[in-house]
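# Overview (structure and organization)
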Amino acid sequence: MSQIEAAAPKFKLTVSRDLTDVAYRLLAVALICIALSLVSDAFLTANNLLNVLRQASLVFFMASGLTLVILTGKIDLSIGATVGLSACVAATVIKSTGSPWLGAAAAIGVGSIVGLGNGLMVTKLRIPSFIATYGMLWVAQGATYYYMSGQSVYGFPTGFRALGSGYLFGIPIPIYLMVAFLVIGYFFTKRTTYGQQIYAIGANTVAARLSGIPVNSRLNLVFVLSGAMAGLASLIYLARLNSAEGDIGETLTLPTIAAVVIGGTSLFGGVGSLFGTFIGGLILTLILNGMNLLNLNANWQPLVTGLIVLLAVWLDMKTRSKTDSN
Amino acid sequence: MSEGALAQGMSVLGRVPGVAFVLVALIAVFASMSPGFSTAPNLTNILVQSSILLLLALPMTFIIMTEGLDLSIGAVLTLGSVVLAAVALATGSLTVGFIAALAIGLAFGLLNGWLIAWLDIPPFVTTLGTLGVAQGLCLVITDGTSIVGLPSGLQFFYSGYFLGIPFPLVIAAIAYAVMHGILYHTRLGTYVPALGGNREALRHAGVNDRVVLAVIYGIGGLMAGIAALLLTSRISSAHPTAAIGMEFDAIAAVAVGGTQFERGEGWLLGTLLGVITIGVLRNGLNLLAMPSSIQVICVGLLVIVALFFDGMRKAQE
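Residues numbered from 1 in each chain as written. Chains lettered and ligands numbered in written order. Predicted model: local features only at pLDDT ≥ 70, side-chain atom pairs only at ≥ 80, totals over all residues.

### Section: the interface of chain A and chain B
Taken together, the 31 residues of chain A in the interface contact 38 residues of chain B. Elements with a contribution of two residues or more to the side of chain A that touches chain B: α5 (129-148), α11 (253-262) and α13 (301-325) of chain A. Residue composition of the side of chain A that touches chain B, by class: 24 nonpolar, six polar and one charged. (Contact = placed C-beta atoms within 7 Å. Helix = DSSP H or I, 4+ residues; strand = E, 2+ residues; numbered from the N terminus. Nonpolar A, V, L, I, M, F, W, Y, C, P; charged D, E, K, R; others polar.)

Quick look at the structure:
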């Protein structure tokens, strides 16, 4: 009885912590929206808002798999390059076979293989994840350039393009997909043993191993999921751009990591959520959209994204060290 | 040969670092496959081309020994080059341009150090963030185009000779000597592996580990500033993406050279051999008309193989 009493308040605390985390971030979204609607007339239009959500959905697909990896306390720096390789392979498959389904299978297959490679390097070769996936970044990028040899592939079937630019009841199709994956992701992370084991590994890997969780196999799983989600994102990206070139994924890694850390997932593992990552991607997209509306040159984007990453991680560390000492 | 002598021979061979085998093997392969490889001008060329990489790989060795990482160093080198060119054009003075490049490099290095040491942000995400900032500044300053029309005196620094030795090699030799001296003959040098191996003990010994970390990342930025002079001289211009990605070759050289990403074990001579290995690999593949995409894949595979053998050795211990 006394044990339960002792445990109960702790549980309550973590729940309220999650809620306040989300509340703060929703507040940030609201403030950014108010600020942008004040400085630009074009912001509060249905078109622009739907466009923001569509962009945010693309970030979410890439960042959702990465969130799982980061929840285990690891990192995947190869996301952007994986998107690039998957997109290019899928593009040529769709072009040569005419079948979007085969293209989709190719993209998700390539992404999963890259992810499995990352996972095996981390679990079998015991290479630190930041260096293993960093090496993979360059291998995948080199492979993409070699595969495309400077060519670009463009012009895909209308049915496939709907995946990126189509509408259903006036709402872009990627947004439906994002909502579906948010719901699936919520149940996977919060309501399945797999999901809880992912959190447990990130919170304390040694304890997780000692309590019988197959740590290596779960780590392989999250890296494969990260690659597969990058493959899925590449399809939507491809359908939206309607063309593929070797450098397609080069600039995507930094914004993806930004979305996860803005969303409150701790780089040390064990803390965070997919919903947080969704909001993180939304905040990032809103800021970049605002820069766009204010006619700020696209050259400013890496600078601003870099600053946002640093600021978000710093704020996160600050609030965490406060609660830890409490 | 008796069994004892064989075993002794094996144990001597076992002490020769892996990078030496790789280097010898690569040289043998390229020498047999392309006649242009083992000529004196080409071998000199490899060393000269490797000098810029060495300037980045030396501080990267220190940084990795502290269990850190600097993903921003290629972008900071590029920014140094852009600033050097822009300032030199604006003031008409290469000296002022070079000082500006050193200053911006040092500033970014210290910024990395501050974020990592005082704000406790993990190094890879810190330097990924500053990579974005530096790359963004390059694009904003140049508006995405090259800066050309620099004074012709600039060319000396990459293609000139000092006492009959190519000038970049002089710079590289001095840099190596200085970094070797710091690592093996100063108190700061003894702190470097301790930061990676046992930071807590260092702190208890009364060393301000934060200041030491900031100094180490600062040295990295400063070296990137020096490398900016060679790079700008090499291409006689500044381009906003000139050295983007060079951090990968630097990290690869350190990894191939046998420095560990954990436990604070490192070896500066190994890094020198690693840099020459990467230089030989890229040069040889170039002579075989392999596109740069294949070169990047090969460097990546080399790193993975090096880390794989590292892991095997760790498992044996």
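### With respect to helix α10 (residues 215-241) of chain A
An α-helical turn contains 3.6 residues, so a residue and the one three or four places further along point in the same direction. Under the 1.5 Å per step criterion, the end-to-end length of α10 of chain A is 39 Å for 27 residues, consistent within 8% with the ideal 39 Å. Positive backbone phi, approximately 60°, marks asparagine 242 of chain A, located one or two places after α10 of chain A. (Expected span 1.5 Å × (residues − 1).)

### Looking at the packing of helix α2 (residues 46-71) of chain A against helix α12 (residues 274-293) of chain A
Residues and elements named next belong to chain A. Two elements in contact, α2 and α12, have axes whose closest approach is 8 Å; the angle formed by their N-to-C orientations is 135°. One finds that α2 runs oblique with respect to α12. α12 is crossed by α2, and the crossing has right-handed handedness. Here α2 contributes Val52, Gln55, Ala56, Val59, Phe60, Ala63, Ser64 and Thr67 to the contact with α12, which in turn contributes Leu274, Thr277, Phe278, Gly281, Leu282, Leu284, Thr285, Leu286 and Asn289. Partitioning the contact of α2 with α12 into residue classes produces 10 nonpolar, seven polar and no charged. (Axes fitted to C-alpha atoms, helices over the stretch in contact; angles between N-to-C directions. Parallel < 35°, antiparallel > 145°, perpendicular 65-115°, else oblique. Left-handed = near helix turned anticlockwise from the far one by under 90°.)

### Some thoughts on the confidence of the model for chain B
Residue and element names in this part refer to chain B. When pLDDT is averaged along chain B, the result is 86; 93% of the residues meet or exceed 70. When mean pLDDT is taken per element in chain B, helix α5 (residues 94-117) scores highest with 94 and helix α1 (residues 3-15) scores lowest with 58. Here the prediction assigns the complex a pTM of 0.86, and the interface score ipTM is 0.83. (pLDDT = per-residue confidence, 0-100.)

### Description of the nonpolar core
Counting 209 residues, the largest nonpolar core has Met62, Ala90 and Val309 of chain A together with Leu56, Leu84 and Ala227 of chain B as the members making the most contacts within it. Excluding residues that lie within four positions of it along the chain, valine 309 of chain A makes contacts with Leu254, Ile257, Ala258 and Val261 of chain A together with Val125, Leu128, Gly129 and Gly132 of chain B. (Core = buried A, V, L, I, M, F, W, Y, C linked by C-beta atoms within 7 Å. Buried ≥ 20, exposed ≤ 12 C-beta atoms within 10 Å, placed from the backbone.)

### Some details on the packing of helix α4 (residues 100-123) of chain A against α5 of chain A
Residues and elements named next belong to chain A. Two numbers describe how α4 lies on α5: the axes approach to 9 Å, and their chain directions differ by 145°. The handedness of the crossing between α4 and α5 is right-handed. Residue-level contacts link Val114, Gly117, Asn118, Met121 and Val122 of α4 to Ser129, Ala132, Thr133, Met136 and Ala140 of α5. Each residue belonging to the contact of α4 with α5 can be placed in one class, and the counts come to six nonpolar, four polar and no charged.

### Some remarks on the environment of leucine 284 of chain A
Residues and elements named next belong to chain A. Within the secondary structure layout, leucine 284 lies in helix α12. For leucine 284, a count of 26 C-beta atoms within 10 Å gives the class buried. What leucine 284 contacts, discounting residues up to four positions off in sequence, is Val59, Pro255, Ala258, Ala259, Ile262 and Ile308.

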